[in-house]
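# Examination of the molecular architecture
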Amino acid sequence: MSRRQKIRFAVIPVAVAFCVFSFWWPQVNVIATLLLLYITLEYVLANQENLDLFRHQLERQEKVFLHYDLICRNGPLYLQVANLGISNFLLTAIHVRTQDLAKFNYSIHQVVQSGKSQEISLPRDACANHPLSVDLEIVLDFVGLDARGETDPRCFNIGMGLDNIPYKATEGLNGLWAVSCPRCNFGGMLFMSLTNLTTFAEAEARKRQLVAELGNSCPNHQSEWLMGMADVDARQERQAR
Ligand SMILES: [Zn+2]
């Protein structure tokens, strides 16, 4: 027996009983009205829940779920963009910042279908003039069914080979961030420690603090955010591997 039939079998005898009783005892009408009101209330509440569920589903359907990685194949750079949402989206721009805060903006026009991934080639000019390696911050602009938006910034390190050709891309910050003393201009061998940094915003804040500390401790040039020479060597070894 279906659920609907069960309810029907339960309700019909009650309704008949109310009809019969109301001949002898008119007050039963009040009870029937109260019951009716209560059932209506339950109905309205259930309906509201359904509406909320429907709205939530619709919102999810229109939302953009995007994941991407930066891939380097011994020269060419690619963004591999995956669409994990239910609807398609359009990529309209790639914004790249380098660790020395140069900005590169590229207009693109590429639809990524739901459940698919696309390779989008990334020009290499952002990596030019960085002989060893360079940290990049990437933000993508997208247009979805409901709204347009941009991704959270993500950072990658590009290892550079001979002739300014990128050969490796890894997630996270791993470049050499050179700093110099604002008072005596001493620099060249001073680098910022990147420990526990994940975004350029954090890196810039640390760099400001580091430069201020170098100036304050001039000519000793001391700061907890300076990369030790052991770290520099270890980092270069990691890069070479
Ligand atoms: Zn100094």
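From a predicted model like this one, the values you see are computed outputs, not experimental measurements.

What follows covers helix α2 (residues 28–62). Over its 35 residues, α2 extends 51 Å from the first C-alpha to the last, a length consistent with the 51 Å expected when each residue adds 1.5 Å. Where burial is concerned, little of α2 is hidden: zero out of the 35 residues are buried.

Residues L79, L136, I158, W177, V179 and M192 are the most contacted members of the largest nonpolar core, which totals 34 residues. Among the elements of the structure, β1 (66–72), β2 (77–83), β3 (89–98), β6 (133–143), β8 (154–160) and α3 (200–216) are those that each provide at least two residues to this core. Contacts of L79, omitting those with residues within four sequence positions, involve Y68, L70, I94, I120 and L122.

This part covers the domain arrangement of the protein. Domain boundaries assigned for the protein yield domain 1 (3–62), domain 2 (66–171) and domain 3 (176–241). Between domain 2 and domain 3, the C-alpha centre-to-centre distance is 27 Å. With eight residues of domain 2 at the interface, the matching set in domain 3 holds six residues. Mapped by element, the contributors of at least two residues to the side of domain 2 that touches domain 3 are β6 and β8. In terms of residue class, the side of domain 2 that touches domain 3 is made up of three nonpolar, three polar and two charged.

On to the sheet that holds β2, then. On the basis of which strands lie adjacent, the open sheet formed by three strands has the order β1-β2-β5 and antiparallel pairing. Where the open sheet ends on each side, the last strands, each with one partner, are β1 and β5 (117–122). Each strand of the sheet is rotated relative to its neighbour by a mean of 25°, with strand direction disregarded.

Here α3 is 17 residues long and its end C-alpha atoms lie 24 Å apart, about the 24 Å a rise of 1.5 Å per residue gives. Three or more residues of α3 are buried, namely A203, R206, L210 and L214. Viewed along the axis of α3, the buried residues span an arc of 75°, placing them on a single side of the element. When the buried face of α3 is taken as reference, the exposed residues oriented beyond 90 degrees from it are A201, A205, R208 and A212.

Remark: helix α1 (residues 3–24) packs on α2, axes separated minimally by 9 Å, with the N-to-C direction vectors making an angle of 150°. Considering the angle they form, α1 stands roughly antiparallel to α2. Residue-level contacts link F18, F21 and S22 of α1 to V28, N29 and A32 of α2. Along the lines of polarity and charge, the residues of the contact of α1 with α2 split into four nonpolar, two polar and no charged.

Bringing the environment of E62 into the picture now. Positionally, E62 belongs in helix α2. Between the alpha carbons of E62 and Q80 there is a distance of 22 Å; along the sequence they are 18 residues apart. Setting aside chain neighbours within four positions, we find E62 in contact with S87, G144, L145 and D146.

Caution is warranted with low-pLDDT regions, since their predicted coordinates should not be read in detail. With 95% of its residues at a pLDDT of 70 or more, the protein shows a mean pLDDT of 89. Here helix α4 (residues 229–240) is the element of the protein with the lowest mean pLDDT, 65, and β3 is the one with the highest, 96.

So, how was this worked out
Residues numbered from 1 in each chain as written. Predicted model: local features only at pLDDT ≥ 70, side-chain atom pairs only at ≥ 80, totals over all residues. Helix = DSSP H or I, 4+ residues; strand = E, 2+ residues; numbered from the N terminus. Expected span 1.5 Å × (residues − 1). Buried ≥ 20, exposed ≤ 12 C-beta atoms within 10 Å, placed from the backbone. Core = buried A, V, L, I, M, F, W, Y, C linked by C-beta atoms within 7 Å. Contact = placed C-beta atoms within 7 Å. Domains from an automatic or database assignment. Nonpolar A, V, L, I, M, F, W, Y, C, P; charged D, E, K, R; others polar. Pairing = 2+ DSSP bridges. Axes fitted to C-alpha atoms, helices over the stretch in contact; angles between N-to-C directions. Arc of directions from axis to C-beta. Parallel < 35°, antiparallel > 145°, perpendicular 65-115°, else oblique. pLDDT = per-residue confidence, 0-100.

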